[in-house]
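Structure at a glance
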Amino acid sequence: MLVLRSTVFQILFYSVTLVQMLLYLPVLLLPRKWGWWIPHVWSKSLILLMKYVAGLNVEIRGRENLPSVGYIAAMKHQSAWETVGLIPLFPRPAFILKRELNWLPFFGWYTMKFDQIPINRGKRSEALAAMMETAKEKIADKRQILIFPEGTRRPAGAEPKYKFGIAHLYKNLECPVVPIAHNAGVYWPRASFMVHPGTVIVEILPPILPGLEAQELYDTMIEKIETASNRLIEEARSADNPSPVLKNIPASTGA
């Protein structure tokens, strides 16, 4: 049954995405402000698929911690889930993403339309300067900059490997950083076809306000995200039908 539900979900995931990208094409000709509902509708439709097809629910905690000004959302990266499931939290999100995604048919048209932040990983110094300028514009416009500070997905419970780039952003933009923890990797593991039933718990932590040194921000952010994420993994362990993925995660992770 798990294989069947996961297979149906994966097929519907990509099918629904393709159909919506085609359906909303005319909106790309309109002003951007009239199309911000598109990423939210796409995300919410996939969240419903996860719930009713794969049996994967979501619980959001700490919405009151999201500022009304422009800010950086620093999100734990364990799964494909958070690239979709967290979008409804942000009115006008701006992902920091590799520029090659802009070149993809259809998907890239939407990333360009909704003014995301592409980065050329091949030219590090030039890319960083360009990203800073673009990010400043987004913060001034009270948008939300979404970043996965680890850069790539890490298995739930694995040793974290955070990049220092977010600390440079924080110092240059002088805006809050909102740490966001979750346990999605327990249910939809990194690089896995299987989606296990259960409830992903997301915890939006209190913002880290401007004024810290870069290293202090970096250390504080990691401590907050990792402590909360490990605690949420342990909370998943106490569910009525815990995910089998937890068998590969030492219980001491959440200690």
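One can find the structure itself at the top, above this paragraph.
My aim in this report is to walk through the structure given alongside it, one point at a time. Being a predicted model, the structure only gives us computed values, none of them experimental.

Cut-offs and rules
Residues numbered from 1 in each chain as written. Predicted model: local features only at pLDDT ≥ 70, side-chain atom pairs only at ≥ 80, totals over all residues. Heavy atoms only, no water. Helix = DSSP H or I, 4+ residues; strand = E, 2+ residues; numbered from the N terminus. Rg over C-alpha atoms; globule rule 2.2 N^0.38 Å. Buried < 20%, exposed > 50% of the residue type's maximum accessible area, 1.4 Å probe, protein only. Contact = heavy atoms within 4.5 Å. Areas by Shrake-Rupley, 256 points an atom, 1.4 Å probe, with all protein chains shown as cover. Lys, Arg positive; Asp, Glu negative; His and termini not counted. Charge placed at Lys NZ, Arg CZ, Asp CG, Glu CD. Phe/Tyr/Trp six-rings, centres within 6.5 Å; stacked < 30°, edge-to-face > 60°. Pairing = 2+ DSSP bridges. Axes fitted to C-alpha atoms, helices over the stretch in contact; angles between N-to-C directions. Expected span 1.5 Å × (residues − 1). Arc of directions from axis to C-beta.

**Comments concerning the overall build of the protein chain**
Across its full length, the protein chain carries 7 helices and 7 strands. The helix and strand sequence of the protein chain, counted from the amino end, reads α-α-β-β-α-β-α-β-α-β-α-β-β-α. Rg of the C-alpha trace for the protein chain: 18 Å, near the compact-globule value of 18 Å for 255 residues, within the 12% margin. Across the 255 residues of the protein chain, 50% fall into the buried class. In the protein chain, of all internal contacts separated by at least 6 residues, the share reaching a separation of at least 24 is 75%. Of the roughly 12,500 Å² of accessible surface on the protein chain, 60% is carried by carbon and sulfur atoms. Across the protein chain, the centroid of the 29 positively charged side chains sits 7 Å from that of the 21 negatively charged ones.

**Some points on the side chain of Ser-45**
With respect to the helices and strands, the residue Ser-45 is situated in helix α2 (residues 37-54). Given a relative accessible area of 18%, Ser-45 falls into the buried group. Excluding anything up to four places from it in sequence, Ser-45 contacts Val-16 and Gln-20.

**Structural notes on the packing of aromatic side chains**
Aromatic ring pairs are defined here through the distance separating the ring centres and the angle between the ring planes. Tallied over the entire structure, the rule returns 9 aromatic pairs. Ring centres of Phe-13 and Trp-188 lie 6.0 Å apart, and the angle between their planes is 85°; on these two criteria the pair is classed as edge-to-face. Note that Phe-13 is positioned in helix α1 (residues 2-23) and Trp-188 in the loop between β6 (177-182) and β7 (198-204), a separation of 175 residues in sequence. There is no split in this pair, since Phe-13 and Trp-188 are both buried. Pairing Phe-95 with Phe-148 gives two aromatic rings, centres 6.3 Å apart and planes at 35°, and the pair type is tilted. With Phe-95 in strand β3 (residues 93-98) and Phe-148 in the loop between β5 (144-147) and α6 (165-173), the pair connects residues that are 53 residues apart, well separated along the chain. Taking the relative accessible area as the measure of exposure, Phe-148 reaches 14% and is therefore buried.

**Structural notes on the sheet that holds strand β1 (residues 56-61)**
Read from one edge of the open sheet, 7 strands run β1-β7-β6-β2-β5-β3-β4, paired in mixed fashion. With partners counted over all chains shown, the strands left at the sheet margins are β1 and β4 (117-119), one partner each. Strand-to-strand twist across the sheet, computed as the mean angle between neighbouring axes with direction ignored, equals 20°. Here β3 pairs with β4 via 3 bridges, running parallel. Among the inter-strand pairings, Ile-96 is bridged to a residue of β4, identified as Ile-117. Lying on the sheet, α6 is in contact with β2 (71-75), β3, β5 and β6; it crosses β2 at an angle near 165°.

**Brief notes about α1**
For α1, spanning 22 residues, the distance from its first C-alpha to its last is 31 Å, which sits close to the expected 32 Å at 1.5 Å a residue. Among all positions of α1, only Ser-6, Phe-9, Gln-10, Phe-13, Thr-17, Gln-20 and Met-21 are buried. Buried residues in α1, looked at end-on, bunch into an arc of 120°, giving them a common side. For α1, exposure combined with an orientation more than 90 degrees from the buried face picks out Leu-4, Ile-11, Val-19 and Leu-23. For α1, the secondary structure elements touched by its buried residues are α2, α3 (81-85) and α4 (107-113).

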